[in-house]
Amino acid sequence: MQSFIMNNGLKIPAVGYGVFQMTSKEVLEHLPQALDAGYTHIDTANAYFNEVAVGQAIRSSGVARERLFVTSKLFPQSYPYKQCVKDIDETLARLGMDYVDLLLFHQPYGEYVEGWKAMEEAVRAGKVRSIGLSNFPMHKIQEILDVAEIRPAVLQVEINPYWNQHELKRQLAGTGIVFEGWYPLGHGDRALLEEPVFARLARKYGKTSAQIIMRWHLQEGNVVFPKTLNPRHMKDNLDIFDFALEDEEMAEINSLPQRPYYQVPDEPPAFVLTHNDYSRQA
Ligand SMILES: NC(=O)c1ccc[n+]([C@@H]2O[C@H](COP(=O)([O-])OP(=O)(O)OC[C@H]3O[C@@H](n4cnc5c(N)ncnc54)[C@H](OP(=O)(O)O)[C@@H]3O)[C@@H](O)[C@H]2O)c1
């Protein structure tokens, strides 16, 4: 498995398995298949309501904890300093783990500047190895950079060939922040998967269109963790390390018209205010 190096010197596996919109039952069925297929990187969140199942599936797999890279994320209700200290411990308790490899602030609302101190303390206490942000726009990332003693190691935002984030990458050049892409395959959008450029390159390289997109992510330096319940797709999404797209092919993919699937609003949408009872796992 290829890794990228974060700005704290630690490695992050380039491809992982995301469990967004998976019930605990689905996690218990499919995460073991993903671990069997060779995944070592798992992306969950408080707001996915499936952390207990993620922890259970990992423990019963027999895979040693230190071989895995586990990410979770806190929602804005957890950002006020004291709440953040408590909710980091509760995240670890739900997962049944002594530490997570990466903890993110999931949404750019509320007291994220104050909460960042609690995130840094969790790193110093060994509860979290790396910390980062998700869905934050540049001006809010800058607010964190202005106060950070430990800089965000990762930024998780929407990235796919229809939204390549080149502008934000240019703005953050020099920070060493690794980009992670959500909706890496367009959340299963047929229009993306059936773009003629992917079908043509798939024929050329003997791969599927999804694998061409996965390879594009790798060469763009994006960490991705597609969600799939299909064991064939799990294997396919890891089978991208034996070929390389040429520069002109990368450029052709990067010339696709750009538009995000989801525009992160400036003000918190209603669902952000209601996701707070994590004792209730899906
Ligand atoms: N931070 C955030 O706000 C945020 C937001 C959204 C997502 N995420 C993270 O990003 C992860 C991925 O996002 P996502 O799950 O919504 O979107 P995605 O991975 O882009 O798309 C998932 C869809 O792609 C299909 N798929 C997967 N592999 C395929 C393959 N090889 N060939 C054809 N189809 C394939 C899956 O269907 P099958 O089951 O049939 O394979 C599923 O319908 C999430 O699980 C989560 O960890 C984070």
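Reading the values: rules and limits
- Residues numbered from 1 in each chain as written.
- Predicted model: local features only at pLDDT ≥ 70, side-chain atom pairs only at ≥ 80, totals over all residues.
- Heavy atoms only, no water.
- Helix = DSSP H or I, 4+ residues; strand = E, 2+ residues; numbered from the N terminus.
- Rg over C-alpha atoms; globule rule 2.2 N^0.38 Å.
- Buried < 20%, exposed > 50% of the residue type's maximum accessible area, 1.4 Å probe, protein only.
- Contact = heavy atoms within 4.5 Å.
- Pairing = 2+ DSSP bridges.
- Core = buried A, V, L, I, M, F, W, Y, C linked by side-chain atoms within 4.5 Å.
- UniProt positions renumbered as here; feature names shortened; annotations may be inferred.
- Arc of directions from axis to C-beta.
- Expected span 1.5 Å × (residues − 1).
- Near = heavy atom within 4 Å.
- Polar contact = N/O pair within 3.5 Å; in protein donor to acceptor, adjacent residues only side chain to side chain.
- Areas by Shrake-Rupley, 256 points an atom, 1.4 Å probe, with all protein chains shown as cover.
- Nonpolar A, V, L, I, M, F, W, Y, C, P; charged D, E, K, R; others polar.
- Salt bridge = Lys/Arg side-chain N within 4 Å of Asp/Glu carboxyl O.

K.L.:
Please explain the overall build of the protein chain as it appears in this structure.
P.N.:
Looking only at helices and strands, one finds 12 helices and 10 strands in the protein chain. In terms of C-alpha radius of gyration, the protein chain reaches 18 Å, essentially the compact-globule figure of 19 Å for 282 residues. Its C-alpha atoms put the protein chain at 55 × 40 × 35 Å along the principal axes. Going through the 282 residues of the protein chain one by one, you find that 54% of them count as buried.

K.L.:
Sorry if this is basic, but what is going on with the environment of Leu 31 here?
P.N.:
Turning to its location among the elements, Leu 31 is positioned in helix α1 (residues 24-37). Between the alpha carbons of Leu 31 and Leu 95 there is a distance of 14 Å; along the sequence they are 64 residues apart. Leave out the neighbours within four places in its chain, and Leu 31 touches Tyr 17, Glu 26, Ile 42, Val 54, Ala 57 and Ile 58.

K.L.:
In this structure, what is going on with the sheet that holds strand β9 (residues 178-182)? I would like to understand it.
P.N.:
As a general point, the strands of a sheet are linked pairwise by backbone hydrogen bonds and lie either parallel or antiparallel. Pairing is parallel in the open sheet, where eight strands are placed in the order β3-β4-β5-β6-β7-β8-β9-β10. One side of each edge strand has no neighbouring strand; the edge strands of this open sheet are β3 (17-18) and β10 (223-224). One ladder, built from five bridges, connects strand β6 (residues 100-105) with strand β7 (residues 128-134); its direction is parallel. Following the sheet pairing, Phe 105 is matched in β7 by Leu 133.

K.L.:
I keep staring at the nonpolar core and nothing clicks. Help me out?
P.N.:
Within soluble globular proteins, side chains that are nonpolar generally end up buried alongside one another. Residues Leu 31, Phe 105 and Leu 155 are the most contacted members of the largest nonpolar core, which totals 85 residues. Among the elements that take part in this core, helix α9 (residues 209-220) stands out by supplying six residues, more than any other. Grouped together as the second largest cluster of nonpolar side chains are six residues, Ala 47, Phe 75, Tyr 109 and Tyr 278 included.

K.L.:
Would you mind going over the UniProt feature "domain: NADP-dependent oxidoreductase" (unreviewed entry) in the protein chain with me for this structure?
P.N.:
Taking the UniProt record as the reference, the feature "domain: NADP-dependent oxidoreductase" (unreviewed entry) is found at residues 21-256. What you have in residues 21-256 is 47% helix and 14% strand, and the ends, taken at the C-alpha atoms, are 28 Å apart.

K.L.:
I would appreciate a short explanation of helix α11 (residues 247-254) in the present structure.
P.N.:
The periodicity of an α-helix, 3.6 residues per turn, causes residues three or four places apart in sequence to face the same way. Residues of α11 that are buried: Glu 249, Met 250 and Ile 253. On an axial view of α11, the arc spanned by its buried residues comes to 100 degrees, and they lie on one face. Away from its buried face by more than 90 degrees, α11 exposes Asp 247 and Glu 248. Looking at the packing, one finds that the buried side of α11 touches α8 (196-205) and α9.

K.L.:
Honestly, helix α3 (residues 81-95) in this entry has me stumped. Any pointers?
P.N.:
A rise of 1.5 Å per residue sets the reference length of α3, with its 15 residues, at 21 Å; its end C-alpha atoms lie 21 Å apart and thus fit the reference within 8%. Every buried residue of α3 is accounted for by Cys 84, Asp 87, Ile 88, Thr 91, Leu 92, Arg 94 and Leu 95. The buried residues of α3 all sit within an arc of 160 degrees when viewed along its axis, so they share a single face. Turned more than 90 degrees away from the buried face of α3, the exposed residues are Lys 82 and Ala 93. Structurally, α3 contributes buried residues whose contacts are with α2 (51-61), β5 (69-74), β6, α4 (112-124) and β7. Just beyond α3, the residue with positive phi is Gly 96, at close to 70 degrees.

K.L.:
Before we go on, may I ask you to explain the site of the ligand in this structure?
P.N.:
In the vicinity of the ligand there are 26 residues, among which Asp 43, Leu 185, His 187, Thr 228 and His 233 approach most closely. Interatomic distance of 2.9 Å between a side-chain N/O atom of Ser 134 and a nitrogen atom of the ligand. Contact between the ligand and Leu 229: an oxygen atom at 3.0 Å from a main-chain N or O atom of the residue. Burial of the ligand by the protein amounts to 85% of the accessible area it has alone, namely 900 Å². Per-class residue counts for the shell around the ligand are 11 nonpolar, 12 polar and three charged.

K.L.:
It is not clear to me how the pattern of salt bridges should be interpreted in this structure. Could you clarify?
P.N.:
Oppositely charged side chains can form a pair if their charged atoms are brought close together. A complete count under the given rule lists 15 salt bridges for this structure. The closest approach of N and O atoms between Lys 204 and Glu 246, which form a salt bridge, is 3.3 Å. Residue Lys 204 is found in helix α8, and its partner Glu 246 is found in the loop between α10 (231-238) and α11; the two are separated by 42 residues along the sequence. The class for Glu 246 is partly exposed, based on a relative accessible area of 39%.

K.L.:
Looking at this structure, how should I read the side chain of Asp 43?
P.N.:
Secondary-structure assignment places Asp 43 in strand β4 (residues 41-43). At 2.6 Å, the side chain of Asp 43 forms a polar contact with the side chain of Lys 73. Excluding residues that lie within four positions of it along the chain, Asp 43 makes contacts with Tyr 17, Gly 18, Val 19, Tyr 48, Thr 71, Lys 73, Gln 156, Glu 180 and Phe 225.

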